[in-house]
Amino acid sequence: MTRSRIRSIAAPLVAAALAVGMSGCGSSATPPGASPVPSTAPSATERPAATATPGAIPNSAILLVARPGADAWTIVEAASGGGYLGPDFRVPVGAPRPGWSRIVSASVKGDRTSVRDAINQPDFPGPSLELDGRWRLPTVGDEALPVGVSPDGSTIVLVEDAPAAGAPTTRFAVVEHTFDGKPSTVGDADLRLVRIVELRGRFAFDTLSSDGRVLYVVEHLDANQGGHYQVRAVDLPSGVLRDAVIVDKANPAERMSGYPIAHLRRSDGVVMTLYDGPEHPFIHALQSNEGWALCIDLPATKGAERSAWGLATSPDGRTVYAANGAAGFVVEVDPDEYAVSRIGALSATATITLAKFGHSDVGPVGENLVALPGGDGLLVATADGVAIVDRRSLGERGRIATGAAVDAIGVTPDGSLAFAHTRDGRLVAFEPRVDGRTFGDVANGPYSGLIAVAPG
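For every chain, the first residue of the written sequence is number 1, and numbering continues from 1 along that sequence. Local features in this predicted model are restricted to residues whose pLDDT is 70 or higher, and side-chain atom pairs enter the listing and the counts only when it is 80 or higher, whereas totals over whole chains, interfaces and linings include all residues. The basis for every side-chain value is the complete set of non-hydrogen atoms in the structure, without hydrogens or water.

Undergrad: Teacher, can you tell me more about the pattern of salt bridges here?
TA: Where charged atoms from two side chains of opposite charge come close, those side chains can pair. Salt bridges are defined as contacts in which a side-chain nitrogen from Lys or Arg sits within 4 Å of a carboxyl oxygen from Asp or Glu. Here the structure, examined in full by the defined rule, presents 23 salt bridges. Across the pair Arg 102 and Asp 117 runs a salt bridge whose closest N-O atoms are separated by 3.0 Å. Here Arg 102, found in strand S6 (residues 102–109), pairs with Asp 117, found in strand S7 (residues 112–119); they are 15 residues apart in sequence, far enough to count as distant. Exposure class is identical for Arg 102 and Asp 117. Each is buried. Residues Asp 161 and Arg 134 are paired through a salt bridge, measuring 3.7 Å at the closest nitrogen-oxygen approach. Here Asp 161 is found in the loop between strand S10 (155–160) and strand S11 (169–179), whereas its partner Arg 134 is found in the loop between strand S8 (128–132) and strand S9 (135–136), with 27 residues between them in sequence. Since its relative accessible area comes to 24%, Asp 161 is described here as partly exposed. In this structure, a network of salt bridges that share partners links the residues Arg 97, Arg 102, Asp 117 and Asp 188. In this text, helices come from DSSP runs of H or I with a minimum length of four residues, and strands from runs of E with a minimum of two, each type numbered from the N-terminal end. For the exposure calls, accessible area comes from a 1.4 Å probe over protein chains only, and a residue counts as buried if that area is under 20% of its type's maximum, exposed if over 50%, partly exposed in between.

Shown next as structure tokens:
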């Protein structure tokens, strides 16, 4: 693997009552045609555990990892755990471009913020801009990976870092790549501050349209955690907040309430955000290029299970999966009908949070669920390893033992090698097959996160 290759890694149920369907954010219904929930989990004979082969990780993957207490990410060789581009090269924590070809970061020093769009390779710093004030890239809900960059790369939106408590307004800094005075999608084009958008009230970043011309924000209507909210749109060329509210077009009078847990973006501009609602979780599907939304209700959960929901997509991006390993749900969502199409069951020991990001030029990486590239399998993090789920039946077919609870999974682009990040700080390499082997731990841990996987 040449040094230029780094541009593609970091230059990369059972329940008594269900409330599912496309019936609005907060109402309850069962979708017509949804497959019934299996009454029993797969038998133990269908779920063999993998055999361990310590110290034999194939030399076929490069990993972008986080380490405890570090303020940047590191690139390591999976076979050795050694630094791939040397011990001094670090990748700034930031929002990645597709395929991890570049990464946008914002760093605060005193009362100034430096914004940079850099190629993730030594000696390629990329354009930068100094801003007055303390700004940061936004995040959605509890997700750690920053967002705030439009899919075409032209626009960067920052939020105030630790604004004053009780401030009457919310501010966003809008930065653009420009060439010859016009917006540009070229990563090396100059950066300039377009404007500071100031909105009266409490707002949070939601997403950007594909071309970066529209900023969607969540307006909080009360002070409660997970309270009432509404989605609004800001035209960035003018900085003006549109009067119209983005409502569920199937149930326009429905009041939205909930706390965001996970989100993903489709190539057609649809952004799906999974919320923990007061009655049941739901997916808010926003068509960011056209300005409309629909809601998809998910099975009700309770207690500690509520925070275990999340989202993932199939390798071709056509099918969306929601799952809650603590409750034992795997849910398939029809992306065209915006409705639950099937529900499957996991064994009761699974605990997951799900995939929250993944990129086509690198292998999929997610917090606790990924879809195997080019195959029919889902890998789901559990309390003692990784469950292999058949996408066709939504049934569990196998189990990879890791010796500890898993909270993130990554796979090489060809699906031949996978890595599980355990809650005790290890990265366990394994073959993602029903009868697959575990190869042992990546050396030089502990690791606090798995960010991206590329072939070696």
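Undergrad: Mind showing me how you'd approach the nonpolar core here?
TA: Among buried residues, those of type Ala, Val, Leu, Ile, Met, Phe, Trp, Tyr and Cys that are joined through side-chain atoms within 4.5 Å constitute a nonpolar core. Within the largest apolar cluster, 23 residues are counted, with the highest numbers of intra-cluster contacts made by Met 272, Ile 283 and Val 331. Within the residue set of this core, elements represented by two or more residues are strand S19 (259–265), strand S20 (270–276), strand S21 (282–287), strand S22 (292–297), strand S23 (309–313), strand S24 (320–324), strand S25 (329–334) and strand S26 (339–345). By definition in these notes, contact holds between two residues if any of their heavy atoms fall within 4.5 Å. Discounting chain neighbours no more than four positions away, the residues touching Ile 283 are Met 272, Thr 273, Leu 274, Leu 294, Cys 295, Ile 296, Leu 298, Leu 311, Ala 322 and Val 333. Counting 16 residues, the second-largest nonpolar core is a separate cluster that includes Ile 57, Val 76, Phe 419 and Tyr 447.

Undergrad: Help me out: how do you make sense of the packing of aromatic side chains in this one?
TA: For any two aromatic rings, the description comes down to two numbers: the centre-to-centre distance and the angle of the planes. To pair, rings of Phe, Tyr and Trp, with the six-membered ring standing in for Trp, must have centres within 6.5 Å; the planes then decide the type, stacked if under 30 degrees apart, edge-to-face if over 60, and tilted in the middle. Tallying each qualifying case throughout the model produces four aromatic pairs. With a centroid separation of 4.9 Å and an interplanar angle of 10 degrees, the aromatic rings of Tyr 229 and Tyr 275 are classed as stacked. Of this pair, Tyr 229 sits in strand S16 (residues 228–235) while Tyr 275 sits in strand S20; the two residues are 46 residues apart in sequence, bridging distant segments of the chain. Residue Tyr 229 is classed as buried on the basis of its relative accessible area, which comes to 4%. For Tyr 275, a relative accessible area of 3% gives the class buried. Seen from their ring centres, Tyr 275 and Phe 282 are 5.3 Å apart, and the 10 degrees between their planes marks the pair as stacked. The buried category is assigned to Phe 282, whose relative accessible area is 0%. Ring-pair connections join several aromatic residues into one group, and the members of that group are Tyr 229, Tyr 275 and Phe 282.

Undergrad: Honestly, the sheet that holds strand S3 (residues 72–77) in this entry has me stumped. Any pointers?
TA: By way of backbone hydrogen bonds, the strands of a sheet pair with one another, either parallel or antiparallel. Strands are treated as partners if at least two bridges between them are detected by DSSP. Across the sheet, four strands lie side by side as S4-S3-S2-S36; this open sheet has antiparallel pairing. For this open sheet the edge positions go to strand S4 (91–92) and strand S36 (449–455), each flanked by a neighbour on one side alone. Strand direction decides the pairing type here: strand S2 (residues 61–66) and S3, joined by four bridges, are antiparallel. Across the sheet, residue Leu 63 finds its bridge partner in S3, namely Val 76.

Undergrad: Which parts of the structure should I look at to understand the layout of surface pockets?
TA: Unfilled space is identified by rolling a water-sized probe across the atoms. A 1.4 Å probe that fits into a set of points on a 1 Å grid over the protein atoms alone but cannot get out defines a cavity; an open set with protein on both sides within 12 Å along at least five of seven lines defines a pocket, and lining residues are those with an atom within 4 Å of a point. Grid points are joined across faces, edges and corners, and a volume is the space filled by probe spheres set on the points. Put simply, the second largest pocket is a space of about 880 Å³. For the second largest pocket, the lining is made up of 35 residues, of which Arg 136, Arg 202, Phe 203, Ala 204 and His 220 are closest to its centre. When contributions to the lining of the second largest pocket are tallied by element, the ones reaching two or more residues are S10, S11, strand S14 (202–208), strand S15 (214–220), S19 and S20. Looking at which element gives the most residues to the lining of the second largest pocket, the answer is S14, with five residues. Residues were grouped as follows: Ala, Val, Leu, Ile, Met, Phe, Trp, Tyr, Cys and Pro as nonpolar; Asp, Glu, Lys and Arg as charged; and all remaining residues, including Gly, as polar. Of the residues contributing to the lining of the second largest pocket, the split by class is 17 nonpolar, 13 polar and five charged.

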